[in-house]
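# Residue-level structural notes
Read off the chains here:
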Amino acid sequence: MSSSTPSLGSHDTNDSKVVVITGTSSGIGLAAAVAAAQAGWRTVATLRDPARAVALREAASAAGVDLDIRRLDVTDETAATTLVDAVIADYGRLDAVVNNAGAGHLGTLENETVADVREVMEVNFFGVLHLSKAALPHLRATGGRLITVTSVGGVIGQPFNEAYCAAKFAVEGYMESLAPVARALGVTVSVVEPGAVATEFVNNISLDLEAEVAAAGAYAPTLRAYLERTTAQFLNGAQTPAEAAGTVLEALTADAPAFRLQTSDWARAFTATKLADVDGSAVQGLTGTWIA
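A few points on the structure. (Residues numbered from 1 in each chain as written. Predicted model: local features only at pLDDT ≥ 70, side-chain atom pairs only at ≥ 80, totals over all residues. Heavy atoms only, no water.)

Take the overall build of the protein next. Per the secondary structure count, the protein includes 10 helices and 7 strands. Taking 292 residues into account, the globule formula puts the C-alpha radius of gyration at 19 Å, and the protein, at 19 Å, falls close to it. For the protein, the spread of C-alpha atoms along the principal axes amounts to about 65 × 45 × 35 Å. Looking at the 292 residues of the protein, the share that counts as buried comes to 47%. (Helix = DSSP H or I, 4+ residues; strand = E, 2+ residues; numbered from the N terminus. Rg over C-alpha atoms; globule rule 2.2 N^0.38 Å. Buried < 20%, exposed > 50% of the residue type's maximum accessible area, 1.4 Å probe, protein only.)

Here it is, written out as structure tokens:
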């Protein structure tokens with residue numbers, strides 16, 4: 001396929017499972033789309049800007065797999081519903097969704113507007129809800145999976161990442177609350193928590209970092225220290241996208257994936273600083289009894 005429109009219609013009888021993955025132009029999303037296709041899934045790989053699909057197409061070609069590449073801006077609720085409807089029309093089923101699309105953001109409250117924070121929430125939180133809501137009836141029909149790539153920043157708040165971490169906290173809280181409800185109807189909900197990953201994600205923050213420091217006023221020394229520390233971490237200790245995507249594939253294919261999965265030993269140790277219940281099983285075991 002590897003096109004903006006599928007080459008398969010609803011008449012197709014292949015019973016391969018179907019997954020929709022968002023944010024596949026680069027990084028974890030791209031690697032997860034290729035890995036899912038290699039594992040035998042019919043993979044609908046979505047991205048906001050079709051012009052940025054070149055790397056995705058090249059990776060699929062190199063791996064010898066087909067992807068159904070479609071446009072989706074996750075902040076557009078109507079577009080999310082339309083996408084799901086089209087997938088059902090073309091394939092007759094939907095077995096999994098991987099909410100991977102997201103946007104980075106650097107800033108602190110005094111130096112930004114509340115509108116800036118709302119914009120971060122639109123992409124990283126409400127964008128997840130738009131696709132998840134549209135997909136849930138179909139995931140119930142197949143006993144499917146709802147997977148969301150969050151971040152270790154969804155567990156531990158980090159300096160100058162207030163808005164980003166708030167959005168990821170919100171996603172984690174929402175999915176942790178939804179998981180027992182969805183499970184009662186046959187849908188498995190998981191979150192995947194990467195640490196530093198060597199992707200274009202940090203570049204997508206779209207800021208001139210030196211200019212940000214210069215404009216930070218009283219916050220300039222602490223912002224510079226944060227940027228130096230974080231840059232070193234990404235240069236020296238980051239996972240590859242393929243390594244992180246391996247955990248997404250685990251959530252997609254394991255017989256009984258945990259609610260919470262970290263993508264590396266570092267991410268597990270970091271989140272364990274805050275979470276005694278590292279894989280989410282204790283919380284899920286507790287809240288599951290509330291609706292039994």
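Turning our attention to the nonpolar core. Soluble globular proteins tend to bury their nonpolar side chains together. Counting 34 residues, the largest nonpolar core has Val 20, Val 87, Leu 94, Leu 131, Leu 146 and Met 175 as its most contacted members. The element contributing the most residues to this core is helix H4 (residues 114-142), with 9 residues. Apart from residues no more than four positions distant in its own chain, Met 175 is found in contact with Val 128, Ser 132, Leu 146, Thr 148, Val 189, Val 191 and Phe 259. The next biggest cluster of nonpolar side chains, apart from the first, holds 31 residues, and it includes Ala 33, Ala 45, Val 248 and Ala 251. (Core = buried A, V, L, I, M, F, W, Y, C linked by side-chain atoms within 4.5 Å. Contact = heavy atoms within 4.5 Å.)

A word on the pairing of strand S4 (residues 96-99). Every second residue of S4 is oriented toward a common face, with Ala 96 and Val 98 on one face and Val 97 and Asn 99 on the other, all of them buried. Pairing analysis gives 3 bridges linking strand S1 (residues 18-21) to S4, with the strands arranged parallel. Considered in S4, the bridge of Ile 21 is made with Val 98. After leaving S4, the chain enters H4 and then returns to the sheet as strand S5 (residues 145-149), a path that is right-handed. (Pairing = 2+ DSSP bridges. Right-handed = clockwise from strand over helix to strand, strands pointing away.)

Next up on the list: the environment of Lys 17. If you trace the backbone, Lys 17 turns up in the segment before S1. Separated by 12 residues in the primary sequence, Lys 17 and Gly 29 place their C-alpha atoms 18 Å from one another. Those residues in contact with Lys 17, other than ones at most four positions away along the chain, are Trp 41, Arg 42, Arg 93 and Asp 95.

With respect to the secondary-structure elements, Gly 29 resides in helix H1 (residues 27-38). According to the relative accessible area criterion, Gly 29 is buried, its value standing at 1%. Distance in space between the C-alpha atoms of Gly 29 and Ala 101 is 7.5 Å, their sequence separation being 72 residues. In this structure Gly 29 touches Ile 21, Thr 22, Gly 23, Thr 24 and Asn 100, once residues within four positions along its chain are discounted.

What follows concerns unusual backbone geometry. Across residues other than glycine, the phi torsion is negative in most instances, and most of the peptide bonds are trans. A positive phi angle, near 60°, is found at Phe 160, a position not held by glycine. Structurally, the position occupied by Phe 160 is in the loop between S5 and helix H5 (162-183).

Okay, the sheet that holds S5 next. Sheets are built from strands that pair by backbone hydrogen bonding, the pairs being arranged parallel or antiparallel. Taken together, the 7 strands give an open sheet; going across it, the order is S3-S2-S1-S4-S5-S6-S7, and neighbouring strands pair in parallel fashion. The sheet terminates laterally at strand S3 (68-71) and strand S7 (260-262), the two strands that pair on one side only. The average undirected angle you get between the axes of adjacent strands in this sheet is 20°. Two elements, S5 and strand S6 (residues 188-193), share 5 bridges in a ladder whose sense is parallel. Bridge pairing in S6 links Val 149 to Val 192. Packed on one face of the sheet, H4 meets S1, S4 and S5 and runs near 170° to S4. (Axes fitted to C-alpha atoms, helices over the stretch in contact; angles between N-to-C directions.)

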